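A structural walkthrough
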Amino acid sequence: MTAPTRSRRHDEGSALVMVLVFVLVVAVIIGALLNQSFTTYRTARVAAEISNRVFAANGGAEWGVQQIRQGVTVGDEPACATPSGSPTPLGPPLQLDGRTVTVTCQVDQGGSVGAGGWAAFITDASPAGGISVQSGTDSDKVVYGPVYNLGPLTRIGTPTLRVQRGDLFACGGTAPFATVAATPFFAVRPCGAPLPIPPAPVPVESLPSRGEEVAIDDTYTDVSPTCRVFNPGRYSRALAFRTTGTNYLRSGIYYFDNLDFGTPVVHTDVTVLGGIAGPREQGVLGLATKAQDDGCPVETAASTGDHYGVVLVLGVNTRVEFQGRSHVELFGYANTAVGAGSLSVVQLRNEWGPTEVSAVRGPDQVIFGTGLGSQTELVAHGTVYTPLARVTALGTATSRVSFLGGVVAAGLDLQAGAATDGLHVSNQSGPGSRTIRIVSTTNSVGTEKILRTSAVVEVSNDASRTANVTSWVVEQ
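Here is a short report on the structure shown in this document.

What counts and what doesn't
Residues numbered from 1 in each chain as written. Predicted model: local features only at pLDDT ≥ 70, side-chain atom pairs only at ≥ 80, totals over all residues. Heavy atoms only, no water. Helix = DSSP H or I, 4+ residues; strand = E, 2+ residues; numbered from the N terminus. Buried < 20%, exposed > 50% of the residue type's maximum accessible area, 1.4 Å probe, protein only. Contact = heavy atoms within 4.5 Å. Areas by Shrake-Rupley, 256 points an atom, 1.4 Å probe, with all protein chains shown as cover. Disulfide = S-S within 2.5 Å. Pairing = 2+ DSSP bridges. Axes fitted to C-alpha atoms, helices over the stretch in contact; angles between N-to-C directions.

1. Examining the overall build of the chain
Across its full length, the chain holds three helices and 36 strands. Every one of the 476 residues in the chain was classed for burial, and the buried ones make up 49%. Sequence separation of 24 or more characterises 60% of the internal contacts of the chain that already satisfy a separation of 6 or more. When the accessible area of the chain is evaluated, it comes to approximately 21,100 Å², of which 56% is carbon and sulfur surface.

Right, dumping it as structure tokens:
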């Protein structure tokens, strides 16, 4: 009877060990489960916080779009009707999902074509600056898009400056012969503090080549009896345009270094086609077809790579004018490596060094345009950017002058064009529409980061303010 008793005691010890092992295993499993639960809880909490911030930011942006659709005003002015130097609050901060959300709007300058969103931006406030409208015929001089005129508005004869699709900021005084087309949004407005000069739509200092290593000068190729082809590069003399047939400028940068030491370079009775049309451009004068008929090897998008069009860079004393029966169409230079803007003419200020800076300065110094009494057709698709000197659009009843990418200049003369489509200064913003960027920003709660929703909206300038959201981005 003794042996079985010892066996039972041995079995009892083994059971205790098994119980301890079981408890240990359960403890490990429970610990793992608790850790997983805590991780899941923390993840869910972070996700909920992010979702709340996203909901708040998106809610603010949606509210902003509705405000624009409803034609909200800020003070006494319609919100986001005209380009400005900084975003405008659409109202007091909102409380959404426990967060404070601020919503601003701004005419989108980064994505717009033209002079920073302006059809014309005049930089000089002196009596010689500003915009001059001249007659010859008594037709209105029409500008499509907002106008900022820091200088006076003067008239020779009896024409009227009429602004459509934008406000006219008459900083030098409101003249009775300046009108704005009747819309629910736009008007002649006072200026307030001077706005900074818009930057060039293509950064001049970032142009990939200015031709400083290669002085091409009068080098050209007559590829046919009626076509002369020029190459981009650095020129210290005027281009030797022929007066019969077509002169074709291959796409790229034409840097004019001190042409004729300050004497205006006047081209008379010439036909010039610059580059090829970009994605948003369409020929106006039909010169691409004429160039091909004349035997010119007109480029294609595939042959130009990441850039198209031409830009005339005016350095030192260079001034360029077209007269007579000239026909000139310059497709705007753009390069995807340096920006999405489009540029046709640029005056060097300080981008390339002190020895190349333009010396043509002053609102009475004409640096680019057409001559008085000419019958010239001149179309510049990109921005004409000459903030230190004057630009002219002068001519007769048969002239056609179009600055489709807007003008930034110290002064602007408008005369050419008796026909309804004879004179165009425009920011290419489309037929009666505005592109507005709405930004909704959440505040920071605890250690979480600020979150921002940015919406780009195209708004038609009709009675219902039809809005089309073209971009919606959430970023932290």
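Next comes the rest of the account.
2. What about the state of the cysteines?
Counting across every chain of the model gives two disulfides. The residue that forms a disulfide with cysteine 171 is cysteine 191, at a sulfur-sulfur distance of 1.8 Å. Taking the torsion about the sulfur-sulfur bond, which here is approximately -75°, the covalent link between cysteine 171 and cysteine 191 counts as left-handed. With cysteine 171 in the loop between strand 12 (168-170) and strand 13 (178-180) and cysteine 191 in the loop between strand 14 (188-189) and strand 15 (221-224), the pair connects residues that are 20 residues apart, well separated along the chain.

3. Comments concerning the sheet that holds strand 8 (residues 141-144)
Strand order across the open sheet formed by 11 strands is 13-11-8-33-31-29-25-21-18-16-15, with mixed pairing between neighbours. The sheet is open, and its two edges are formed by strand 13 and strand 15, each paired on a single side. Strand-to-strand twist in this sheet, taken as the mean axis angle between neighbours without regard to direction, amounts to 20°. Note that strand 8 and strand 33 (residues 423-426) share two bridges and pair parallel. Bridged to tyrosine 144 within strand 33 is serine 426.

4. Notes on the environment of threonine 104
Relative to the elements of secondary structure, threonine 104 occurs in strand 5 (residues 99-107). Threonine 104 sits 16 residues away from threonine 88 along the chain, and the two C-alpha atoms are 5.2 Å apart. Those residues in contact with threonine 104, other than ones at most four positions away along the chain, are Pro87, Thr88, Pro89, Leu90, Arg437, Ile438 and Val439.

5. Describing the pairing of strand 7 (residues 130-134)
Buried residues dominate strand 7, accounting for five of its five residues. Inspection of the sheet shows strand 7 paired to strand 10 (residues 153-156) by four bridges, in the parallel sense. Within the sheet, the bridge partner assigned to serine 132 lies in strand 10 and is threonine 154.

6. Overview of the side chain of aspartate 167
Within the secondary structure layout, aspartate 167 lies in the loop between strand 11 (161-164) and strand 12. According to the relative accessible area criterion, aspartate 167 is buried, its value standing at 3%.

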